[in-house]
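Here's the letter readout for the chains.
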Amino acid sequence: MSRWPIAALTLGLLLLLDALRVFLPSLITLYGRAGDTPPEQLGLFAALWFVIPFTAIAIARFLGPRAVMLSGAAVLAATRIALQGTDGGTPQLYLSAASVCAGLFFLYGCARTLPRAAVPVGIALGLGLSGLLHIAIDHVDLIWQDGLFPWFPAIGVPAAFLWSALLARPGEDTAPAAVWFLLGPALFLTGQYLGPGAAMTGSWSGGSNEFAAAASVAALGVACLSLVPFAIAPLLANAPVHVYRVLFPAGLLIGVFSPVVGSAQAILLAAGLGGCLGLATLSPGRKRPGAALLAGTLVFLVATFAFYASYDADLGFPNTIVPMVIGVAAALIGVGRRLDGGLVATPRIRLRVLVSGTLAGLLLPPLVIAALTWRTIPATQTVEGKEFTLVAYNIRMGYGLTGTLDLDRIAAWARTVRPDVVLLSEVDRGWLLNGGHDDLDRIAQGLGMGYYFAPAADRLWGDALLTNLPVREAVSNRLGEHDHPTGAQAQAIVLTVGGLEIGIVNTHLQAPPGQAPEVAALAQGLAAGNTAVAAVAAASGGTPRPVILAGDLNTTKDDPEMRVLAAAGLTDPLIAQGDPPTSPTENPVKRIDHVLITPGLQVVSASVPRVPFSDHLPVVVRLRLN
């Protein structure tokens, strides 16, 4: 078996996944305008780029599948290079869409031409290496990185991909339809469970390394584990193959249905998914593999939108069912029908692939991951005097007005105001729909701060507090849904400034009429000397503890909810500062982002800087303890 088919499929998947990490968030931030576009229209636009590749079926009849593969490869490489030169906006949206479309044309040609033995290896290496490389670039895609260095891989990888595609000769024994259909569910499951940001991250700085490393090792482990049926089954009697048909689907299902999120789940799921890829390759059916591939990618698209649409609309079922259904489908494909015992690979090749795959999958990733993800926990710092600076910012998952990922720009701007406390809303820690980035870890690195994450919609999306001040306690309190599908929380924090305690309630209200009384009660409890979980002594001799309630409250100063907050002792000091609007960024006309305070705190200065890194403007307040 030649190495070129494996190289072409691996590099092609790398480029396709790279394009997906740009296309999916561009749908939301550019085409969807973060909710301004009707969801039906958004869905149809996304589906268009997955439906167009079905024309490859007709084109292949006239030009041949290899021509489809090479033309798709050429467009995929060209659009990826062109993406590197964009600065967001419409070009980013349509170039990434064209890149995804071209990648599917390429894969269709691969399904019709590549030898069967190369397929599970190429798919698994593409999925696994994509996750590893995303960690290597620290979760910020190359197209959003400035400078000259990103251009080298942005040109070099497409060039190597084109070269390997040209040298990948067709095979007589092509892979069955089952393994190509499984690619779509595998894309969804790896994005949900095995991506660098999709592993459960810690609630405080330094807590995410173990899980991120485990998930990335597991993702690359797909590559070596998928070789097991390929390398061993033909050498053994038929009985062990049937054992594989039980073990690998069972591992996949345990990983998908596991209530515990962590490294063990990731490893089980990766092992099961990798094994199912290998088992599907041993299936004897070879009819219409190209159509099966395109159908599988439609499954990926539908599953992705079904999972995330539940945060904007009540679909009548919990979104956790979606990955379970996809996992069951993948396991059933792995169980499959009768298995074919013969493969066109010599024992020497099988042994070489098995050994090299195992070494690459089990030894290299831990060393690379340890070097790339190591973080030191920032030292606790105290503030001299009674003044400190607080920033409250809804960062819209880190995507600016032009649809670019502006995490580094957010951190660079925030450093200029020298904050002591940063409160963030709409923090994404690995949603597949938003590209799988860990916003919080990246911004915290740029600021040199520790952080406390508070999950809201789910374990990967919510709010966060960043500070190096001494923190006594940080607890996330789930708020009532009040018929709103997107979850919300209120993060209660007690920290120390100048030897005195301050309470902070950090929140992003999704249903203000029902949630405003809840956060008001929480603020009153903090002022009385309580935390979210236990009563403690008041800050100093029974004196009420000063409290700040801040974040995107989705409430203006004239709304009834503001009167509820005022009744709890909270005042709006920015009214005296000119009542600067914060939304929308392009033409702000209203202030829905607030920093409210109780007696004991005084505003020294306040501003709403006009920065383009979100669809909201940040609020910067300098406060003094009375």
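Treat the numbers as computed from the prediction; the structure is a model and nothing was measured.

**Student:** Account for the pairing of strand S7 (residues 500–508), naming residues and giving values.
**Tutor:** Within S7, eight of the nine residues are buried, leaving the element largely enclosed by the surrounding structure. Direction of pairing for strand S6 (residues 489–497) relative to S7: antiparallel, over a ladder of eight bridges. Bridge assignment links Val-497 to a residue of S7, and that residue is Leu-500. Connecting the antiparallel pair S6 and S7 is a turn made up of two residues, with Gly-498 showing a positive phi of about 60°. Pairing between S7 and strand S8 (residues 547–552): six bridges, direction parallel. Paired with Val-505 across the bridge in S8 is Leu-549.

**Student:** An account of the nonpolar core is requested, with residue identities and associated values reported.
**Tutor:** Membership of the largest hydrophobic core comes to 126 residues, with the highest contact counts inside it found for Leu-107, Trp-180 and Leu-466. Setting aside chain neighbours within four positions, we find Trp-180 in contact with Leu-9, Leu-107, Cys-110, Ala-111, Val-119, Ala-175, Pro-289, Ala-292 and Leu-293.

**Student:** So what about the packing of helix H2 (residues 39–51) against helix H13 (residues 289–309)? Which residues, and what values?
**Tutor:** Where H2 meets H13, the axes come as close as 10 Å, and the angle between the chain directions of the two elements is 165°. The orientation of H2 relative to H13 falls into the category roughly antiparallel. Relative to H13, the crossing made by H2 is right-handed. Together, Ala-46, Ala-47, Phe-50 and Val-51 of H2 and Thr-297, Leu-298, Phe-300, Leu-301 and Phe-305 of H13 make up the contact between the two elements. Tallied by class, residues from the contact of H2 with H13 come to eight nonpolar, one polar and no charged.

**Student:** Please provide a residue-by-residue account of the side chain of Thr-598, values included.
**Tutor:** Within the secondary structure, Thr-598 sits in the loop between strand S9 (593–597) and strand S10 (601–607). Owing to a relative accessible area of 8%, Thr-598 belongs among the buried residues under this scheme. In terms of polar contacts, Thr-598 uses its side chain to reach the backbone amide nitrogen of Val-547, at 2.9 Å. The contact partners of Thr-598, leaving out residues within four places of it in the chain, are Arg-545, Pro-546, Val-547, Gly-569 and Leu-570.

**Student:** Residues and numbers for helix H8 (residues 177–194), please.
**Tutor:** For H8, built from 18 residues, the straight-helix expectation of 26 Å at 1.5 Å per residue is met to within 8% by its first-to-last C-alpha distance of 24 Å. The principal kink in H8, of about 30°, is found at Gly-184, preceding the proline Pro-185 by one to four residues. Summarising burial for H8: 16 of the 18 residues are buried, a large majority.

**Student:** How would you sum up the environment of Asp-463? Please name residues and give values.
**Tutor:** Of note, Asp-463 is situated in strand S4 (residues 461–467). Residue class for Asp-463 comes out buried when judged on its relative accessible area of 2%. For the pair Asp-463 and Phe-453, spaced 10 residues apart in the sequence, the C-alpha separation amounts to 6.2 Å. Filtering out sequence-adjacent residues up to four positions away, Asp-463 remains in contact with Leu-424, Ser-425, Glu-426, Val-427, Tyr-452, Phe-453, Ala-454, Gln-489, Gln-491, Asn-506, Thr-507 and His-508.

**Student:** An account of a nonpolar patch on the surface is needed here, citing residue identities and associated values.
**Tutor:** There is a patch of nonpolar side chains on the surface, built from Leu-148, Phe-149, Trp-151, Phe-152 and Ile-155 and spanning about 560 Å² of accessible area. Along the chain, Phe-152 turns up in helix H7 (residues 151–167). You can call Phe-152 exposed: its relative accessible area is 56%.

**Student:** Talk me through the sheet that holds S4; I want residue IDs and the actual numbers.
**Tutor:** Spatially, six strands are ordered S3-S4-S2-S1-S11-S10 in an open sheet, and the strand pairing comes out mixed. The strands lining the two open edges of the sheet, one partner per strand, are strand S3 (450–458) and S10. When strand polarity is set aside, the average angle formed by the axes of neighbouring strands in this sheet is 20°. In terms of strand pairing, strand S2 (residues 421–428) meets S4 through six bridges, oriented antiparallel. Within the sheet, the bridge partner assigned to Asp-428 lies in S4 and is Trp-461.

**Student:** Explain the pattern of salt bridges to me, using residue names and the numbers behind them.
**Tutor:** The full count for this structure, using the stated rule, is 16 salt bridges. With a closest N to O distance of 3.2 Å, Asp-141 and Arg-21 form a salt bridge. Of the two residues, Asp-141 sits in the loop between helix H6 (119–136) and H7 while Arg-21 sits in helix H1 (residues 3–31), which places them 120 residues apart along the sequence. Each member of the pair Asp-141 and Arg-21 is classed as buried. Salt bridges sharing common partners tie together Lys-557, Asp-558, Asp-572, Asp-579 and Arg-591.

Thresholds applied
Residues numbered from 1 in each chain as written. Predicted model: local features only at pLDDT ≥ 70, side-chain atom pairs only at ≥ 80, totals over all residues. Heavy atoms only, no water. Buried < 20%, exposed > 50% of the residue type's maximum accessible area, 1.4 Å probe, protein only. Helix = DSSP H or I, 4+ residues; strand = E, 2+ residues; numbered from the N terminus. Pairing = 2+ DSSP bridges. Core = buried A, V, L, I, M, F, W, Y, C linked by side-chain atoms within 4.5 Å. Contact = heavy atoms within 4.5 Å. Axes fitted to C-alpha atoms, helices over the stretch in contact; angles between N-to-C directions. Parallel < 35°, antiparallel > 145°, perpendicular 65-115°, else oblique. Left-handed = near helix turned anticlockwise from the far one by under 90°. Nonpolar A, V, L, I, M, F, W, Y, C, P; charged D, E, K, R; others polar. Polar contact = N/O pair within 3.5 Å; in protein donor to acceptor, adjacent residues only side chain to side chain. Expected span 1.5 Å × (residues − 1). Bend = angle between axes of the 7 residues up to and from the residue. Patch = residues over 30% accessible without salt bridge, like charges linked within 9 Å, V, L, I, M, F, W, Y side chains within 5 Å. Areas by Shrake-Rupley, 256 points an atom, 1.4 Å probe, with all protein chains shown as cover. Salt bridge = Lys/Arg side-chain N within 4 Å of Asp/Glu carboxyl O.

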